[in-house]
Amino acid sequence: EPEVTQTPSHQVTQMGQEVILHCVPISNHLYFYWYRQILGQKVEFLVSFYNNEISEKSEIFDDQFSVERPDGSNFTLKIRSTKLEDSAMYFCASTPNSGANVLTFGAGSRLTVL
Amino acid sequence: EDKVVQSPLSLVVHEGDTVTLNCSYEVTNFRSLLWYKQEKKAPTFLFMLTSSGIEKKSGRLSSILDKKELFSILNITATQTGDSAVYLCAGGGAGTASKLTFGTGTRLQVTL
C-alpha cells in the first residue's frame, strides 16, 4: 500500500539551530501538509501546499518555518532557528486532491530541541 | 475558530466490552468528520463521514454522524487488546486544501 515516508525518525538539536525535516508524499498525490503534535497535546495543522505554493497556514507557522518541494518527490519543512517549544512530533501528510479530506500520514519525525 | 471536542479523555475496559467514543465539532464550512486511530506513531484512517444518519461500518468498528447536533460517535464492539490506542476525531472544512482540526483524542486501554 502506498505510504508517506518521513526522515529522520528522530532528531535532537540545540536551540537556535536550523533543522530540515524530509517527507516523500504518495506519488500521485497533489496536496501536501505538515502537522505537529506536542507531547500529550492534540495534532495541530501547520501548513498545506499545492502547486508549489502554500495554500493555507496556521498561526503556528510563523517566519521561522518554511516549506519547499525541491524536486518531484520531496517535501521539506525547515525550522530556521529552533526553540525549546518546537519540540514535537512532526507529521507529513498528503491527499490526491482538494476534495478528499482523508489525509494519509507519515510515521512522523520526532524533534527534540535542547 | 474551529473546534473539536472528544470525550471521554481516557477509558479502560475489559476485553469483550463495547465502547462508545464521542466527538462534537464546530467547523467552518463543514464537509466531513474523520476518525483516526493512533498507536505509537502516525494516525491511521478509520472512517470519513459526510452524510448525517448514515452508519459507516468496518468489522467491529462503526461510526455515525449527526450534522444537526454537530456530533459523531465511534463504537467498538467486542473490544480486543489490539484496540488499545488513542482515537482521534477530526473535522474537515471545504476549501482549497484539506485542513483538519483534531480533537485531543480518547485514550482507550483494553485489558485482559
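Anything mentioned here points back to the structure above.
The rules behind these values
Residues numbered from 1 in each chain as written. Chains lettered and ligands numbered in written order. Predicted model: local features only at pLDDT ≥ 70, side-chain atom pairs only at ≥ 80, totals over all residues. Heavy atoms only, no water. Helix = DSSP H or I, 4+ residues; strand = E, 2+ residues; numbered from the N terminus. Rg over C-alpha atoms; globule rule 2.2 N^0.38 Å. Buried < 20%, exposed > 50% of the residue type's maximum accessible area, 1.4 Å probe, protein only. Contact = heavy atoms within 4.5 Å. Core = buried A, V, L, I, M, F, W, Y, C linked by side-chain atoms within 4.5 Å. Pairing = 2+ DSSP bridges. Axes fitted to C-alpha atoms, helices over the stretch in contact; angles between N-to-C directions. Buried area = accessible area lost by both parts, 1.4 Å probe. Salt bridge = Lys/Arg side-chain N within 4 Å of Asp/Glu carboxyl O. Polar contact = N/O pair within 3.5 Å; in protein donor to acceptor, adjacent residues only side chain to side chain. Nonpolar A, V, L, I, M, F, W, Y, C, P; charged D, E, K, R; others polar. Disulfide = S-S within 2.5 Å. Phe/Tyr/Trp six-rings, centres within 6.5 Å; stacked < 30°, edge-to-face > 60°.

A.B. asks: Sorry, what's going on with the overall build of chain B here?
C.D. replies: Each helix and strand in chain B was counted, giving 0 helices and 11 strands. If you list the helices and strands of chain B from N to C, you get β-β-β-β-β-β-β-β-β-β-β. For chain B, the C-alpha radius of gyration of 14 Å lies close to 13 Å, the compact-globule estimate for 112 residues. By its C-alpha atoms, chain B is 45 × 30 × 20 Å across when sized along the principal axes. Sorting the 112 residues of chain B into buried and exposed places 43% on the buried side. Put simply, of all contacts in chain B between residues at least 6 apart along the chain, 54% involve residues at least 24 apart.

A.B. asks: Can you help me understand the nonpolar core in this one?
C.D. replies: Note that soluble globular proteins tend to have their nonpolar side chains buried in a common cluster. Ranked by internal contacts, the top residues of the largest apolar core, which has 22 residues, are Trp34, Leu46, Phe61, Val67, Phe75, Leu77 and Tyr90 of chain A. Of all the secondary-structure elements, those providing two or more residues to this core are β3 (19–24), β4 (31–37), β5 (43–50), β7 (65–68), β8 (75–79), β9 (88–95) and β11 (109–113) of chain A. If near-sequence neighbours (up to four positions away) are discounted, Tyr90 of chain A is found in contact with Gln6, Leu21, Trp34, Tyr35, Arg36, Leu46, Phe65, Leu77, Ile79, Gly108, Ser109 and Leu111 of chain A. Counting 20 residues, the second-largest nonpolar core is a separate cluster that includes Val4, Val13, Leu33 and Phe47 of chain B.

A.B. asks: Help me understand the sheet that holds β7 of chain A, please; the structure alone is not making it clear to me.
C.D. replies: In any sheet, the strands associate via hydrogen bonds between backbone groups, in a parallel or an antiparallel arrangement. All names here are of chain A. Reading across from one edge, β1-β3-β8-β7 is the order of the 4 strands in this open sheet, with antiparallel pairing throughout. Of all the strands in the sheet, the pair left with one neighbour each is β1 (5–7) and β7. Strand-to-strand twist in this sheet, taken as the mean axis angle between neighbours without regard to direction, amounts to 20°. Note: β1 against β3, 3 bridges, orientation antiparallel. Within β3, the position partnered with Thr5 by the bridge is Val24.

A.B. asks: I tried to follow the interface of chain A and chain B on my own but got confused; where do I start?
C.D. replies: Residue-level contacts link 22 residues of chain A with 23 residues of chain B. Of the roughly 1800 Å² buried between chain A and chain B, counting both surfaces, carbon and sulfur atoms make up 57%. One can count 1 salt bridge joining chain A with chain B. Seen at the junction of chain A and chain B, the total is 3 residue pairs in polar contact (both at pLDDT 80 or more). Looking at the side of chain A that touches chain B, the element that brings in the most residues is β4 of chain A, giving 4 residues. Class assignment of the residues belonging to the side of chain A that touches chain B gives a composition of 11 nonpolar, 9 polar and 2 charged.

A.B. asks: Mind showing me how you'd approach the pattern of salt bridges here?
C.D. replies: Two side chains with opposite charge may pair up if their charged atoms get near one another. Per the counting criterion, the structure on display carries 3 salt bridges over all chains. Between Glu44 of chain A and Arg36 of chain A there is a salt bridge whose closest N-O contact spans 3.2 Å. The salt bridge involving Glu56 of chain A is made with Lys99 of chain B; its shortest N-O contact spans 3.6 Å. Highlighted residues: Glu56 of chain A in strand β6 (residues 53–57) and Lys99 of chain B in the loop between β9 (85–93) and β10 (100–102), drawn from two different chains. Glu56 of chain A gets classed as partly exposed once you look at its relative accessible area, which sits at 30%.

A.B. asks: I would appreciate a short explanation of the state of the cysteines in the present structure.
C.D. replies: What makes a disulfide is a covalent bond joining the sulfur atoms belonging to two cysteines. Residue and element names in this part refer to chain A. Taken as a whole and assessed by the stated rule, the structure comprises 2 disulfides over all chains. For Cys23, the disulfide goes to Cys92, at an S-S distance of 2.0 Å. Classification of the bridge connecting Cys23 and Cys92 rests on its S-S torsion, roughly -70°, and on that basis the disulfide is left-handed. Remark: Cys92 occurs in strand β9 and Cys23 occurs in strand β3; sequence separation between them is 69 residues. Accessibility assignment for this pair places Cys23 and Cys92 in one class, buried.

A.B. asks: How should I be thinking about the packing of aromatic side chains in this particular structure?
C.D. replies: Centre distance and the angle of the planes are the two values used to describe a pair of aromatic rings. Scanning all chains against the criterion turns up 15 aromatic pairs over all chains. Ring plane angle 75° and centroid distance 5.9 Å describe the contact between Tyr36 of chain B and Phe45 of chain B, whose orientation is recorded as edge-to-face.

A.B. asks: What's the story with the side chain of Gln6 of chain B in this structure? I'm lost.
C.D. replies: Residues and elements named next belong to chain B. Locating Gln6 in the fold gives a position in strand β1 (residues 3–7). A relative accessible area of 5% places Gln6 in the buried class. Here the side chain of Gln6 touches Tyr87 through a polar contact of 2.9 Å, landing on its backbone oxygen. When neighbours within four sequence positions are excluded, Gln6 is seen to be in contact with Asn22, Cys23, Trp35, Tyr87, Leu88, Cys89, Gly103, Thr104, Gly105 and Thr106.

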